[in-house]
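Chain residues, written in single-letter form:
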Amino acid sequence: LDLGAKWINDVRAGNDDPDILRVVAEANCPYVVMHSRGNSKTMGQKNNYNNVVTDVIDGLHRRTQKAVDFGVK
């Protein structure tokens, strides 16, 4: 953001850097929450879903709520 970025696309939805949600809230910048499970080394082992659509929606909802709880608008 200090170098001119206008928004943050967080492919890990705040899972890698818990401070990112505070940064986004303070900057009041647009924030894109992405779905992911694990990292590039472990995601293949974490792709077991009961129902991929509802599981992804539920996960995004939880991450979005956490961002809102941090003050992200």
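Below or above, wherever it landed, is the structure these notes cover. (Residues numbered from 1 in each chain as written. Predicted model: local features only at pLDDT ≥ 70, side-chain atom pairs only at ≥ 80, totals over all residues. Heavy atoms only, no water.)

Side note on the pattern of salt bridges
Then, in step 1: This model, assessed by the stated rule, comprises 3 salt bridges.
Then, in step 2: Taking the shortest distance from any N to any O, the salt bridge between Asp19 and Arg22 comes out at 2.7 Å.
Then, in step 3: The partly exposed category is assigned to Asp19, whose relative accessible area is 34%.
Then, in step 4: Relative accessible area serves as the criterion here: at 34%, Arg22 is assigned to the partly exposed category.
Then, in step 5: For Arg22, the salt bridge is made with Glu26, and the minimal N-O distance between the two is 2.8 Å. One end of the pair, Arg22, and the other, Glu26, are both in helix α1 (residues 20-27), 4 residues apart, so they sit about a helical turn from each other.
Then, in step 6: Of the residues examined, Glu26 reaches a relative accessible area of 58% and is grouped as exposed. (Salt bridge = Lys/Arg side-chain N within 4 Å of Asp/Glu carboxyl O. Buried < 20%, exposed > 50% of the residue type's maximum accessible area, 1.4 Å probe, protein only. Helix = DSSP H or I, 4+ residues; strand = E, 2+ residues; numbered from the N terminus.)

Describing the side chain of Asp55
Then, in step 1: Mapped onto the fold, Asp55 is located in helix α2 (residues 52-69).
Then, in step 2: In this view, Asp55 contacts Arg37, Tyr49 and Asn50; residues no more than four positions away in its chain are not counted. (Contact = heavy atoms within 4.5 Å.)

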